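# Reading the structure
Spelled out from the first residue to the last, the chains are:
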Amino acid sequence: MIVQDVINHLEALAPLAYAEDFDNVGLLVGNKNTKITGVLVTLDTLEAVVDEAITEKCNLIISFHPIIFKGLKKLTGKNYVERVVMKAIKNDIAIYSMHTALDNALQGVNDMICNQLKLKNKRILIPQSETIKKLTTYVPKDEAEQLRTALFETGAGSIGNYNDCSFNVEGYGTFNGNDASNPTIGKKGRIHTEEETKITITYGKHLEQQLLQALFKNHSYEEVAYEITTLENKNQNIGMGMVGELEEPMDESSFLAYIKTTMNTKCIRHSSFLNKKIKKIAVLGGSGSFAIQAAKLSGADAFITADLKYHDFFTAENSILLADIGHYESEQFTKNGLVAHLTKKITNFAIILSQINTNPVKYF
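These remarks concern the structure in this document.

Reading the values: the criteria
Residues numbered from 1 in each chain as written. Predicted model: local features only at pLDDT ≥ 70, side-chain atom pairs only at ≥ 80, totals over all residues. Heavy atoms only, no water. Buried < 20%, exposed > 50% of the residue type's maximum accessible area, 1.4 Å probe, protein only. Helix = DSSP H or I, 4+ residues; strand = E, 2+ residues; numbered from the N terminus. Arc of directions from axis to C-beta. Contact = heavy atoms within 4.5 Å. Core = buried A, V, L, I, M, F, W, Y, C linked by side-chain atoms within 4.5 Å. Pairing = 2+ DSSP bridges. Axes fitted to C-alpha atoms, helices over the stretch in contact; angles between N-to-C directions. Salt bridge = Lys/Arg side-chain N within 4 Å of Asp/Glu carboxyl O.

## Focus on helix α7 (residues 208–217)
When α7 is considered as a whole, its buried residues turn out to be E208, L211, L212, A214 and L215. Taken end-on, α7 shows its buried residues confined to a sector of 160 degrees, consistent with a single buried face. Within α7, the exposed residues directed more than 90 degrees away from the buried face are Q209 and K217. On its buried face, α7 sits against β6 (132–140), α6 (144–153), β8 (192–204) and β9 (226–230).

## A short note on unusual backbone geometry
Of note in this structure, E130 is not a glycine but carries a positive phi near 60 degrees. Examined against the element boundaries, E130 turns out to sit in the loop between β5 (120–129) and β6. Within the chain, E317 stands out as a residue other than glycine whose phi angle is a positive 50 degrees. Structurally, E317 is set in the loop between β13 (302–306) and β14 (321–324).

## Describing the nonpolar core
Ranked by size, the top nonpolar core spans 48 residues in total, and within it I62 and F255 carry the most contacts. Broken down by element, this core gets its largest block of residues, five residues, from helix α1 (residues 3–13). Apart from the residues within four sequence positions on either side, F255 is in contact with L246, M250, I278, I281, A302, I304 and L321. In this structure, L151, F152, I201 and L207 belong to the second largest nonpolar core, which totals 17 residues.

## Some remarks on the sheet that holds β8
Pairing is antiparallel in the open sheet, where four strands are placed in the order β7-β8-β6-β9. Each end of this open sheet is capped by a strand with a single partner; those strands are β7 (167–175) and β9. Each strand of the sheet is rotated relative to its neighbour by a mean of 25 degrees, with strand direction disregarded. Bridge analysis of β6 against β9 gives five bridges, and the strand direction is antiparallel. The partner of K133 across the bridge, within β9, is T230. The strands touched by α6 are β6, β7 and β8; relative to β8, the strand with the most contacts, the crossing angle is about 15 degrees. In the packing of α7 onto the sheet, contacts are made with β6, β8 and β9, and the angle to β9 comes to roughly 165 degrees.

## Describing the pattern of salt bridges
Side chains carrying opposite charge are able to pair once their charged atoms draw close together. Within this structure, the stated rule accounts for ten salt bridges. A salt bridge links D51 to K87; the shortest N-O distance between them is 3.0 Å. With D51 in helix α2 (residues 47–55) and K87 in helix α3 (residues 80–90), this pair connects stretches of sequence that are 36 residues apart. A salt bridge links R269 to D324, with the shortest nitrogen-to-oxygen separation between them at 2.7 Å.

## Digging into the environment of Y138
For Y138, the position within the fold is in strand β6. A relative accessible area of 25% means that Y138 is categorised as partly exposed. Sequence spacing of Y138 and G171 is 33 residues, and the spatial spacing of their C-alpha atoms is 9.4 Å. Setting aside anything within four residues of it in sequence, one finds Y138 in contact with E196, T197, K198, H219, Y221, A225 and E227.

This is a description of form; function is not addressed.
Rendered as C-alpha cells:
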C-alpha cells in the first residue's frame, strides 16, 4: 500500500474539493507514491507527534489541522512549523491534512460531535452552494444507455436517497466536418443528421474529472458536444455545522453538565440561561461565531461551538443558549473517528491513534 491508497480512502470520506478557499489541505509533505510502513492519526502535527510516528514506525501522519497554513519562505527551524516540516522530511514521513474538507463532510467533524452527544435527526446547519453541477451532452441514440451507465458509475446522478437520476430527450443533431475532421459517423464535407439522445445529469463537483473521463471514453464522436453549468441549489450533504436532537429534553444546567462530561471539557463559557428545556442542538467544531445566526434560524435551543468572543455572547439575544466548550475540546474526537473509518477500510496493518494531547490551552 502506498500513501495515495490511504488518501483515496480519506477523500472518499471528505473530498478536498469542498474545503474552504482559505484552507491548505491535502498532502503537505512527502511523496504520494511512497510505500507505507504505518499510519498515525492526530489532531495537530507537532514535533512530539513526529517523534511518536518515528517510534511507532509510521511514515504517514494524518493530521486534522494543517501544519503548513501559510507559505513557507525558509526552512531554518526558527519556529515549530519549520521544525516539524524539517523533522518530517529528514525521517521520510509524509503529512496529510483534511481540516475544512472534513468540517464540510456529511460524516465529518460535526457528525462526530453529534454522535458523541447521541443526537438524532441530524442535518447540515449551513449547506454549501455552488457545489452541485450539471452535465448536458448529446450522444447517438444507440449509445445512450452505455454512456448513462458509465456516468452513473462515477457517482453522478445521485439526488438525496435516489441514484441513477438523469433526464433524456430524443431529437436530431446535425454536423458537417471540414477537411481536417475524421468523423466516426457520416462523411466529412457533407451535412449529416443523426438521431441523438440529450442526456442531462447532476453531480458533485469533486466528481468532475472522473465524469469527463467517462464521457470521452464512452462517446464515439471525434468532437464531443457537452455543457457544464454550476447550480445555485444548496447541497444538503455538504456544509458547515450540524443540527440534531436529544433523545429527551434537558434543563439547561443538566444539559451543560452533560456536555462537560460527554465532550470531556473542563470549562464551558455560556450565554444567559433562557429557563427552557433544551432539545434541538446546533454544533460546529472549532471557531463557530459566524454560524450563530444560522443556529438561531434553525430553531436550535442551544449552539455548541468554540472561540466565541465577548460580544458574540450578546448575539444570543435571549433566543438561544450559546456554549463555548473550547477549540480542542470540540474537535478532539475527530482523530478517533478517522481511525475508526480507516480501520474499516484498511485491514492489512494497524491505524494508530496518537496518544499525544496537542491542546495548547491549559487550565488552572
